[in-house]
Amino acid sequence: RFLMLNTQKEPFTDVRVRQAMDYALNKEAYIQVVKNGLAVPATSVIGSAVQYYKGNEPRPYDPEKAKELLAQAGYADGFSCSFAIENNTIQKTMAELVQGYLSEVGITVTIDMYEAAALTEVLKGADWGLCQAMCNMNGDPSSALNYQCNVKNVGTSDKFNNDRDAIAQECTRLLEEAETISNPEEREKVYFEFQKLYFESPWEVPVCDQSIYAVYSSSLDGYWGAGVQPHFGNLSYK
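Read on for a plain summary of the structure.

1. Re the packing of helix α8 (residues 166-178) against helix α9 (residues 184-200)
No. 1: The geometry of α8 relative to α9 is characterised by a closest axis approach of 9 Å and an angle of 165° between their N-to-C directions. By the angle between their axes, α8 is roughly antiparallel relative to α9. At the point where α8 passes α9, the crossing takes the left-handed sense. Residue-level contacts link Ile167, Glu170, Cys171, Leu174, Leu175, Glu177 and Ala178 of α8 to Arg187, Val190, Tyr191, Glu193, Phe194, Leu197 and Tyr198 of α9.
No. 2: Its residues placed into classes, the contact of α8 with α9 shows 10 nonpolar, no polar and four charged.

Following this line, the structure appears as structure tokens:
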């Protein structure tokens with residue numbers, strides 16, 4: 001789950017503002033309230049159960065640090081932005097929680113609710129500041145990452161990723177390089193570097209990885225799961 005930022009418009013063009021948003025969110029509280037405790041804080045665009053995951057040193061919940069970064073970026077008095085969400089109870093609960101934490105650092109958030117089809121159209125335009133999104137991936141993350149993070153992808157670059165941002169360009173280069181490498185160890189190095197850069201200059205704030213639980217009989221051997229996908233091909237009874 002991510003807090004998506006419209007990096008095509010101010011103030012989200014400034015990396016200090018984007019980092020401040022991360023410090024301003026109490027992710028542990030988010031997990032308890034929105035996910036009923038069934039998640040862990042996220043520090044990467046790749047889920048912790050997915051191949052090539054590498055966690056980063058998390059930014060702690062620190063409103064004072066958030067205010068300091070906002071002041072450095074020229075927003076000592078805060079700013080206002082809209083939060084575009086789908087019209088349902090879970091989204092509303094999430095948005096109100098985020099709204100409350102951002103208000104503590106001087107950011108005034110207006111929640112705008114839409115039906116699903118209308119929200120999609122809103123996010124294609126420029127008249128929004130925040131939205132909530134998720135990225136699903138199983139096994140090799142290449143396909144999901146190229147959709148989510150490649151600035152050349154028309155489906156996402158005009159909404160979330162600022163293709164004028166040097167680090168976003170470098171992240172795209174690393175994703176494309178990874179696709180040319182077949183050796184898993186070498187590919188891992190490239191994905192690790194990508195995740196480090198992505199976290200340093202986030203164009204979205206990773207919030208949480210949902211926890212996945214699988215229940216199966218202790219009399220079975222060979223069960224394994226990749227992300228949310230269980231694999232039963234090698235199952236056998238003991």
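2. Quick notes on helix α1 (residues 15-24)
No. 1: Buried residues dominate α1, accounting for eight of its 10 residues.
No. 2: For α1, the set of buried residues is Val17, Arg18, Gln19, Ala20, Met21, Asp22, Tyr23 and Ala24.
No. 3: The backbone nitrogen of Arg16 has a side-chain oxygen 2.8 Å away, supplied by the residue at the start of α1, namely Asp14.

3. Thoughts on the sheet that holds strand β3 (residues 79-86)
No. 1: Strands sit in the order β4-β3-β5-β1-β6 across an open sheet of five strands; the sheet is mixed. The open sheet has two edge strands, β4 (107-114) and β6 (204-206), and neither has a second partner. The sheet shows a mean angle of 25° between the axes of neighbouring strands, taken without regard to direction.
No. 2: The pairing of strand β1 (residues 2-5) with β6 spans three bridges and is classified as antiparallel. The residue of β6 that forms the bridge with Phe2 is Pro206.

Calculation rules
- Residues numbered from 1 in each chain as written.
- Predicted model: local features only at pLDDT ≥ 70, side-chain atom pairs only at ≥ 80, totals over all residues.
- Heavy atoms only, no water.
- Axes fitted to C-alpha atoms, helices over the stretch in contact; angles between N-to-C directions.
- Helix = DSSP H or I, 4+ residues; strand = E, 2+ residues; numbered from the N terminus.
- Parallel < 35°, antiparallel > 145°, perpendicular 65-115°, else oblique.
- Left-handed = near helix turned anticlockwise from the far one by under 90°.
- Contact = heavy atoms within 4.5 Å.
- Nonpolar A, V, L, I, M, F, W, Y, C, P; charged D, E, K, R; others polar.
- Buried < 20%, exposed > 50% of the residue type's maximum accessible area, 1.4 Å probe, protein only.
- Polar contact = N/O pair within 3.5 Å; in protein donor to acceptor, adjacent residues only side chain to side chain.
- Pairing = 2+ DSSP bridges.

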